[in-house]
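Commentary on secondary and tertiary structure
Residue-level listing of the chains:
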Amino acid sequence: MTHESSELCLRLHALTPRRDEQPDWMDVLARADITHVPMIGAASVSPNRPVNHGRKSRMRRRRLLVNKRRMALLAALALVVITPVVALGDANGWWFLRSNRVPAPVPDANATVVADGQWGEQGWKLVTYFSKTDGLCLSMMPQDAVATGKGASMSCAPFVGVPRTPTTKDTPDLRITYLGASATAKLPAYIVGAVVDDATEVDIGFADGRVLHVPTSTGPPPLEHVRFYATPLGASSSGSQDSGVSLRPAWLAGVGASHQIVTCLVLPPSGNVNPSVSPCR
Amino acid sequence: MKKAQEAMEVPLPPTLADIEDVYRRGFSRFLQVAEAIAGGVEPGSEAVQEGFARAIRARFAFRAESSLETWLWSCVLNAARTSRIRERSSLGEVGSSVMGDASIDVLPLRDAALADAVSCLPERQREMLFLRYYADLDYRSIAGALDVEVGTVGAALAAAHTTLRNCLTRWLDDARIK
């Protein structure tokens, strides 16, 4: 492997580090409907099925298939009955407080709705919580997805003034963050984020020179020292909503009441996009 | 006689023990690649378990045209792709990237630039990259797992290297100017 490949290898491994998760072979067997496996040490052994299956064998498999289909039908019928109960249960909590796909909240974490509104016919909520490891987490979600998280997005980062835990990542507290998402069936493309409390406006610059001016609003307790912003990106401001790259701003600037820049964020260039001239330099 | 010869050439299907052996030996590599493709810890983990379960169910169809491990890689890759598509349609952009401000040190931002560049690669190039660097597979095995020619793997990886090298160089130059 060349030096260049080694460097790339190291950097790629930093993006998706190997985890210390233990293999669960029994789970694999259960998913494969293998229920009777003699356990002999770590390696379980099962005799090979003959290569040439006879008529009896085919009949047996067909019967099994019919039984499986019956079971699937019964399971589907059961699901119809169970689903409303589950949906009621979900309505009692925010999706991210139960999900293990997002940074874990601190113990007794409360979700705080920091902004909400309506774009077109769809209502939305911008909600925060304090995480154990990643600082302040922001989640943007359609109004009707607070429990399911369907169509929601999330990003987290240590933020100025947000208390750290012993396990918070050792990265600097940020003064401005952003979370961008492409259009879905529920919401248009958007950019939302947090900024320090002396920024009354956030200017968002794109690579083609366009700039959006987005007002900010103060967060409710305990986030009075943070301001939040949210803006939809129409087709005209994003260029092509499907490309993903064009939704990415080149820079963001927090602007104070006297039009002074109070914080600034320049994003590293991505792909062939040339960063526009930003007020951060 | 001819029939007997044909019977001899029919490959034996892999035993559960064979599959379990590959699963246990390569678990962390399967997990890392599946996570990278599926776009998350849970969908990646799910893809590995489901990929092997599918392989067990389909083991009698294994034709030994490639090694057992290569075939199992293709099963896990298929499960990871399915998992990613399901995840996209159900949960938007959970865990999307967070960018630091201008004062953050170079390394995290450079990694962010690399992550962006990797995500912009064509899907096949991205998968080849993961199989090469996370799974440490050789070109022949990558070709077998993705069902492409060995030469295609070489060309695609070279193109991916060029894209990523340019991206990193641009970012480092930019960081030096600042």
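Above this text you will find the structure in question.
Residues numbered from 1 in each chain as written. Chains lettered and ligands numbered in written order. Predicted model: local features only at pLDDT ≥ 70, side-chain atom pairs only at ≥ 80, totals over all residues. Heavy atoms only, no water.

1. A few points about the pattern of salt bridges
Inclusion rule: One speaks of a salt bridge when a side-chain nitrogen belonging to Lys or Arg is within 4 Å of a carboxyl oxygen belonging to Asp or Glu. Numbering of helices and strands runs from the N terminus; a helix is a DSSP stretch of H or I covering at least four residues, while a strand is a stretch of E covering at least two. Relative accessible area decides the class of each residue, using a 1.4 Å probe on protein chains only: under 20% of the type maximum gives buried, over 50% gives exposed, and in between gives partly exposed.
Considering all chains together, one arrives at eleven salt bridges over all chains under this definition. For the salt bridge of Arg31 of chain A with Asp27 of chain A, the shortest nitrogen-to-oxygen distance reads 2.8 Å. Of this pair, Arg31 of chain A and Asp27 of chain A both sit in helix H2 (residues 25-31), separated by four residues, roughly a single helical turn. Asp27 of chain A sits in the partly exposed class, given a relative accessible area of 24%. Two residues, Glu127 of chain B and Arg124 of chain B, come together in a salt bridge whose shortest N-O distance is 3.9 Å. You can see Glu127 of chain B and its partner Arg124 of chain B sitting in helix H6 (residues 123-133), three residues apart, about one turn around the helix.

2. Observations regarding the side chain of Thr70 of chain B
All names here are of chain B. Under the convention used in this document: The contact criterion used throughout is that any non-hydrogen atoms of two residues lie within 4.5 Å.
Looking at the secondary structure, you find Thr70 in helix H4 (residues 68-91). On the accessibility criterion, Thr70 (6% relative accessible area) is buried. Among residues more than four places away in sequence, those in contact with Thr70 are Ser141, Gly144 and Ala145.

3. Describing the sheet that holds strand E12 (residues 261-266) of chain A
The pairing of strands in a sheet comes from backbone hydrogen bonds and takes either a parallel or an antiparallel form. Residues and elements named next belong to chain A. For clarity, the threshold we go by: Strand pairing is assigned whenever DSSP detects at least two bridges linking the two strands. To define axes, lines are fitted to C-alpha atoms, for helices over the stretch in contact only, and angles between the resulting N-to-C directions are given on a 0 to 180 degree scale.
Strand order in the open sheet formed by four strands is E8-E7-E11-E12, with antiparallel pairing between adjacent strands. In the strand order of this sheet, the two ends are held by strand E8 (211-215) and E12, each with one partner. Looking at each pair of strands side by side, their axes are set apart by 15° on average, direction ignored. Relative to strand E11 (residues 251-255), strand E7 (residues 201-205) runs antiparallel, the two sharing five bridges. Within E11, the position partnered with Ile204 by the bridge is Leu252.

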